[in-house]
Amino acid sequence: MRDMLFDLHTHTDCSDGSLSPAELAAYALEYGVDVLAITDHDTVSAFAQLETSAEAVPQLITGIELSCLWHRRLIHIVGLRIDLASETLAAAIEQQRKVRLGRAETIAKRLEKLGVEDPLDDVLIRSGGNPGRPHFAAHLVDIGFVKDEKTAFKRYLGAGKIGDVKESWPSIDAAVGWIVAAGGQAVLAHPAKYKMTKTRLRRLVGDFKQAGGVAVEVCSGSQDPATTSALARITNEAGLLASAGSDFHHRSQSWSQPGRYTRLPPGVAPLWDTW
Ligand code: MN
Ligand code: MN
Ligand code: MN
C-alpha cells in the first residue's frame, strides 16, 4: 500500500484561493490527496460548506492560517485540528477580521493617493469581505495599473512598500495561544518565505515553540533540497515535528498543486504520526 498523502496547507475562495471548498476537495482527490487541511487566511468559513466526517474523501482536517507579528515581521501560523466551535477561535477570527478591514482601508487610501480610484469596493467584493493584499494585486491588474500581480507586489504591496501595513496584527504568542486554546496544533508556515538568516530563523522557531507551537512546515510547495535540509535540521534541533503542504491557491499556479510539495526528508518526525 502506498503512503497516505497529506496536504496540510491549502486555500479556497473563502480567502485568496479561487476554488470553492467543494471544488478544492474534488480537485485534491484528483491529485491523490488522502488527507486535506483547508487553511484559509483568518477564516474557517470553508468548513460550513463541507462534510468533515471521518468517511469524507479526502479526509478533511480543520485548519486556519493566522497572520501575526514577530519582531515587526509578518509571520504566518497554521492551526490544524482546531475545534470550530471554540469561542476563543471565534473571537480571534473576529479580531483578525477587524485588523484585515482596517488594513484594507489604509492600503486603499494610500493607493488612492497614487491615483487608483476607490479600490476598496472591488477588493471587498472579490474577497468576499476577507480582503488581503492578493485581492489588491488582482484589482490593480484588472484596472491596468500594473501589468501583472508580481509587479503589483514588487512596486506597491510587498514588504516595505506602501501596501505593507502590518502594525495591527497580533503577536505570535497570541496567535499560537488561540490555536492551542481551540484544541489545535500550531505549525510555523513556510519558513523559507521569510528570507531570514538561519540564526534569526532559529530564534523565531525557538520563540514559536515557547509560545506553544508544535511543528514547522519543513516542506512548502516545491522547494530546493538545500532549503529542505536546512529546515529539517532547525526543526529537529528545536525538538519540533514536521508538517508539509502545497499552499495551493489557484489551478494556474503549476508549481503549487494539491499534494505537490517536496516530500519530507528522512529523519524528521511527521506531525501526522501523532494523529
Ligand atoms: Mn494566500
Ligand atoms: Mn502564508
Ligand atoms: Mn497559505
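In what follows, the structure referred to is the one given above.
Nothing here was measured: the structure is a model prediction, and the numbers come from that model. Numbering of residues begins from 1 in every chain and follows the order in which that chain's sequence is written. The order in which chains are written sets their letters, starting at A; the order in which ligands are written sets their numbers, starting at 1. Per-residue local features are limited, in this predicted model, to residues with pLDDT of at least 70; the limit for side-chain atom pairs, both in listing and counting, is 80 or more; totals at the level of whole chains, interfaces and linings are taken over all residues. Calculated side-chain values reflect all of the structure's heavy atoms, with hydrogen atoms and water omitted.

Q: So what about the pairing of strand β6 (residues 185-188)? Which residues, and what values?
A: Of the two faces of β6, the one holding Gln-185 and Val-187 and the one holding Ala-186 and Leu-188 are both buried throughout. Pairing analysis gives four bridges linking strand β5 (residues 73-80) to β6, with the strands arranged antiparallel. For Gly-79, the partnering residue across the bridge sits in β6 and is Ala-186. In the sheet, β6 pairs with strand β7 (residues 215-220) via two bridges, with the strands oriented parallel. Residue Val-187 lies in a different strand from β7, and its bridge partner there is Ala-215. For the crossover that starts at β6, traverses helix α7 (residues 198-210) and ends in the parallel β7, the hand is right-handed. Classification of residues uses two cut-offs on accessible area relative to the type maximum, computed with a 1.4 Å probe and protein chains only: under 20% is buried, over 50% is exposed, and between them is partly exposed. Secondary structure counts use DSSP, requiring at least four H or I residues in a row for a helix and at least two E residues in a row for a strand, with both numbered from the N terminus. One requirement defines pairing of two strands: DSSP has to find at least two bridges between them. Whether a crossover is right-handed comes down to one check: with the strands pointing away from the viewer, does the path from the first strand over the helix to the second run clockwise; if it does, it is right-handed.

Q: Outline the nonpolar core, supporting the account with residue identities and numerical values.
A: Buried Ala, Val, Leu, Ile, Met, Phe, Trp, Tyr and Cys residues that are joined via side-chain atoms within 4.5 Å together make up what is termed a nonpolar core. Within the largest apolar cluster, 66 residues are counted, with the highest numbers of intra-cluster contacts made by Ile-75, Ile-77, Ile-172, Leu-188 and Leu-204. With five residues, helix α6 (residues 172-181) is the largest single contributor of residues to this core. Excluding residues within four positions of it along the chain, Leu-204 makes contact with Trp-70, Ile-75, Ile-172, Leu-188, Tyr-194 and Met-196. Listed in part, the 15 residues of the second largest apolar core include Ala-108, Val-116, Val-146 and Val-165. Throughout, a residue-residue contact means that at least one pair of heavy atoms, one from each residue, lies within 4.5 Å.

Q: Requested: an account of the coordination of the manganese ion (ligand 3), with residues and values cited.
A: Note that water is not among the atoms used; donors are N, O and S atoms within 2.8 Å of the metal (3.2 Å for Na, K and Ca), so sites may look incomplete. With distances of 2.1 to 2.2 Å, the protein atoms coordinating the manganese ion (ligand 3) are His-9 (NE2), His-11 (NE2), Glu-65 (OE) and Asp-247 (OD). In this structure, the manganese ion (ligand 3) lies 4.4 Å from the manganese ion (ligand 1). In this pair, His-9 is assigned in the loop between β1 (6-7) and α1 (21-30) and Glu-65 in strand β4 (residues 63-70), connecting sequence segments 56 residues apart. Residue His-9 shares its accessibility class with Glu-65, and that shared class is buried.

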